[in-house]
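# Secondary and tertiary structure notes
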Amino acid sequence: MAYYVVKLLITTVLIVLISEIGKRYSLAGALLAAIPLVSILAMTWMYVDTGTSESAVEFSKRIVWLIAPSMTLFIVFPILIKKGVGFPLSMLISTALTIGAYYSVIYIVGKFGIKL
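Residues numbered from 1 in each chain as written. Predicted model: local features only at pLDDT ≥ 70, side-chain atom pairs only at ≥ 80, totals over all residues. Heavy atoms only, no water.

### Section: the confidence of the model for the protein chain
Across the protein chain, the average pLDDT comes to 93, with 100% of residues at 70 or higher. For the protein chain, helix H2 (residues 26-34) is the element with the lowest average pLDDT, namely 89, and helix H5 (residues 87-111) is the one with the highest, namely 97. (pLDDT = per-residue confidence, 0-100. Helix = DSSP H or I, 4+ residues; strand = E, 2+ residues; numbered from the N terminus.)

### Let's talk about the environment of Ala42
Tracing the backbone shows Ala42 in helix H3 (residues 37-50). The partly exposed category is assigned to Ala42, whose relative accessible area is 21%. Distance from Ala42 to Phe59, taken between C-alpha atoms, is 8.9 Å for residues 17 residues apart in sequence. (Buried < 20%, exposed > 50% of the residue type's maximum accessible area, 1.4 Å probe, protein only.)

### Some points on the pattern of salt bridges
Counted by the stated rule, this structure contains four salt bridges. For Lys23, the salt bridge goes to Glu20, with nearest N and O atoms at 2.9 Å. Taken together, the residues span about one helical turn, with Lys23 and Glu20 both in helix H1 (residues 2-24) at a distance of three residues. What makes Lys23 exposed here is its relative accessible area of 61%. Judged by its relative accessible area of 28%, Glu20 falls in the partly exposed class. Across the pair Glu20 and Arg24 runs a salt bridge, and its minimum N-O distance is 3.2 Å. (Salt bridge = Lys/Arg side-chain N within 4 Å of Asp/Glu carboxyl O.)

Here it is, written out as structure tokens:
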């Protein structure tokens, strides 16, 4: 149980730290957020939990296919905000479109025999 608390605390502290840095220095915050910290943490925890890198390797291979559709959020969100759509609705629409983009990529690559 203590191990899960440590994992939770480390992950939470990093996310809060990045958001606080982003409030003061948007470029530094964006740079830190662009580094795939969640993926790095997830792969690290997978390795620590299993003692092998196999699951982390599989995880990273699947992430590669999902990078492009994740850009949907970062393209759509600022467009909606600039058009005067409020923050919550812009985030909701951008997230929904991003999820749709993920499912589209999973479906399309599946047609080529690539299982994500």
